[in-house]
Amino acid sequence: MNIQKSIEAFKRAKNAIAGGVNSPVRAYSSVDSTPLFIDRGKGSKVWDIDGNEYIDFVSSYGPLILGHAHPRILEAVTKAAEKGTSFGAPTETETEIAELVKEMVPSIERIRFVNSGTEATMSGIRLARGYTGKDYIVKFSGCFHGHGDAFLIQAGSGVMTLGLPDSPGVTKGTAGDTLVAHYNDLESVQQLFDQYGDNIAGVILEPVAGNMGTVPPDPSFLKGLKKITKKHQSLLIFDEVMTGFRVARGGAQEYYDVTPDMTILGKIIGGGLPVGAFGGSKEIMEHLSPAGPVYQSGTLSGNPLAMSAGKAMLNELNKEGFYENMESKSKKIAEGMEQNIKDNGITGTVNRVGSMMTLFFNEKEQINSFESASASDTKRYAEFFRSISNKGIYLAPSQFECMFVSEAHSDDDISAFLEAHYKALQEINS
Ligand code: PLP
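Residues numbered from 1 in each chain as written. Predicted model: local features only at pLDDT ≥ 70, side-chain atom pairs only at ≥ 80, totals over all residues. Heavy atoms only, no water.

Participant: Honestly, the site of the ligand in this entry has me stumped. Any pointers?
Facilitator: Taken together, Ser116, Gly117, Thr118, Phe144, His145, Gly146, Glu206, Asn211, Asp239, Val241, Met242 and Lys267 make up the full set of residues near the ligand. Take threonine 118: an N or O atom from its side chain is 2.6 Å from an oxygen atom of the ligand. The contact in question runs from an oxygen atom of the ligand to an N or O atom on the side chain of asparagine 211, over 3.0 Å. Protein contacts shield 81% of the accessible area of the ligand, which totals 390 Å² for the unbound molecule. Of the residues belonging to the shell around the ligand, the class tally is three nonpolar, six polar and three charged. (Near = heavy atom within 4 Å. Polar contact = N/O pair within 3.5 Å; in protein donor to acceptor, adjacent residues only side chain to side chain. Areas by Shrake-Rupley, 256 points an atom, 1.4 Å probe, with all protein chains shown as cover. Nonpolar A, V, L, I, M, F, W, Y, C, P; charged D, E, K, R; others polar.)

Participant: Can you help me understand the sheet that holds strand β12 (residues 356-360) in this one?
Facilitator: Pairing between the strands of a sheet comes from backbone hydrogen bonds, and it takes one of two forms, parallel or antiparallel. The three strands lie next to each other as β11-β12-β14, forming an open sheet whose pairing is antiparallel. Strands with a single pairing partner mark the edges of an open sheet, and in this sheet they are β11 (349-353) and β14 (403-404). In this structure, β11 lies alongside β12, joined through five bridges in antiparallel fashion. Its bridge partner being in β12, asparagine 351 is matched across the sheet by threonine 358. (Pairing = 2+ DSSP bridges. Helix = DSSP H or I, 4+ residues; strand = E, 2+ residues; numbered from the N terminus.)

Participant: Explain empty space enclosed by the protein to me, please; I cannot follow it from the model alone.
Facilitator: Once rolled over the atoms, a probe with the size of a water molecule shows which space is left empty. Overall, the coordinates contain two cavities of 30 Å³ or more when judged by the stated rule. Each pocket or cavity is described by its volume, and for the largest cavity that value is around 100 Å³. Taken together, 13 residues form the lining of the largest cavity, with Thr358, Leu359, Tyr381, Leu395 and Met403 sitting closest to its centre. Elements with a minimum of two residues in the lining of the largest cavity: β12 and α14 (378-390). Sorting elements by how many residues they give to the lining of the largest cavity places β12 first, with three residues. Of the residues in the lining of the largest cavity, the class split is nine nonpolar, three polar and one charged. (1 Å grid on protein atoms, 1.4 Å probe; cavity = no way out; pocket = protein on both sides within 12 Å on 5 of 7 lines; lining within 4 Å. Points joined across faces, edges and corners; volume = space filled by probe spheres on them.)

Participant: Quick question: what am I supposed to make of the layout of surface pockets here?
Facilitator: Looking at the second largest pocket, its volume works out to about 600 Å³. Lining the second largest pocket are 27 residues, with Pro90, Glu94, Ile111, Arg112 and Phe113 positioned closest to its centre. Looking at the lining of the second largest pocket, the elements that each hand over two or more residues are α3 (92-104) and β4 (110-114). It is α3 that provides the largest number of residues to the lining of the second largest pocket, a total of five residues.

Participant: Help me understand the sheet that holds strand β8 (residues 235-239), please; the structure alone is not making it clear to me.
Facilitator: Spatially, the seven strands line up as an open sheet ordered β4-β10-β9-β8-β7-β5-β6, and their pairing is mixed. Two strands bound the open sheet, and with one partner strand each, they are β4 and β6 (178-181). The mean inter-strand angle of the sheet, taken between neighbouring strand axes irrespective of direction, is 20 degrees. Relative to β8, strand β7 (residues 200-205) is paired through four bridges, and the arrangement is parallel. Bridge pairing links isoleucine 204 to isoleucine 237 in β8. Its contacts with the sheet put helix α7 (residues 186-196) on β5 (136-140), β6 and β7, and the angle it makes with β6 is roughly 145 degrees. (Axes fitted to C-alpha atoms, helices over the stretch in contact; angles between N-to-C directions. Contact = heavy atoms within 4.5 Å.)

Structure (structure tokens):
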């Protein structure tokens, strides 16, 4: 592929934007390559500024479960924009989407919309602390909850990709209020509760980890967390920014039948526009201002364009057979990848939950923890990434991200992907 225009665009961007990108993983440094500058997207495809066409499995890191430029979303955003882009006042669309979310995720009796997943997790833990009157938050190594100070401690995703253990700029005081346990290891959580149990406001996790690559929870893990948090009157917080409306209509809490005290949402709920949200029982959420004392606010929160896009998105997801269709497509892709690695004699594991999945270049039999995911061969991933990218497949430039399937992926896209996948594996093996 000729990507000369992208190379030049990146050079130019680096002189104006910090590091040339507005989010670190986009810089492609871990795969030793140049970011593709995107011109446009439609359905399952994106086109870079050199005119190259790619089948997209990044899906904007999750939000685009309907693919790019879906007609219902475009229509909703256009109609909303014609009426004005922001008022700093309530609109009925906010209540309409809130009612839809309540119906789809029944543990949410009240919700608050913000502008990003980061903002939602930051506000969510403030509320957890305000509600319980306790200080500590437990998180898991390899789980990513956005870039709020409290979460940049053994975080996954970009932080993991760049090999940063923690971020400078987070004070010792803030870091000290975050306790870190091991994913899928209840014992490590129990130990923290044995020591700090009286003062733990909440346990936050990705119910399916997506920021160390796709790592599903062991069946007893989520239920065990529910038991421990309940016993210690601390809150179980599911960060469903990635899993919400993706692994099931009602998110991972529906998929695994475990009800959290608080849910964090983002990505899909904005239909591709910037949105985050957090919600839970009426009792907890009414501790939030103006009903209660825990302060939180936002000039653009509940923005009419974002709310309209999100509402249109959720309405599409509610159509009959949507998740069954996503499951059968995703299964076909994962099984095809498994066959390809077998046929090419590659040692690897494909983890999948619903329409999120990762091929780990890894010798471990099971990838079920941060430790096992971290043992992946990132150099091999980088070679694979460059090879498949040259064959017109757009994947995330990191071993520790997911592939996201969208409704727009056709049978032809899936066949073309699996063929390119096979050839890329063959190439890196030769
Ligand atoms: N939580 C999870 C599970 C995420 O995957 C992300 C982003 O990838 C976030 C929170 C942060 O969301 P945002 O990037 O919208 O701030």
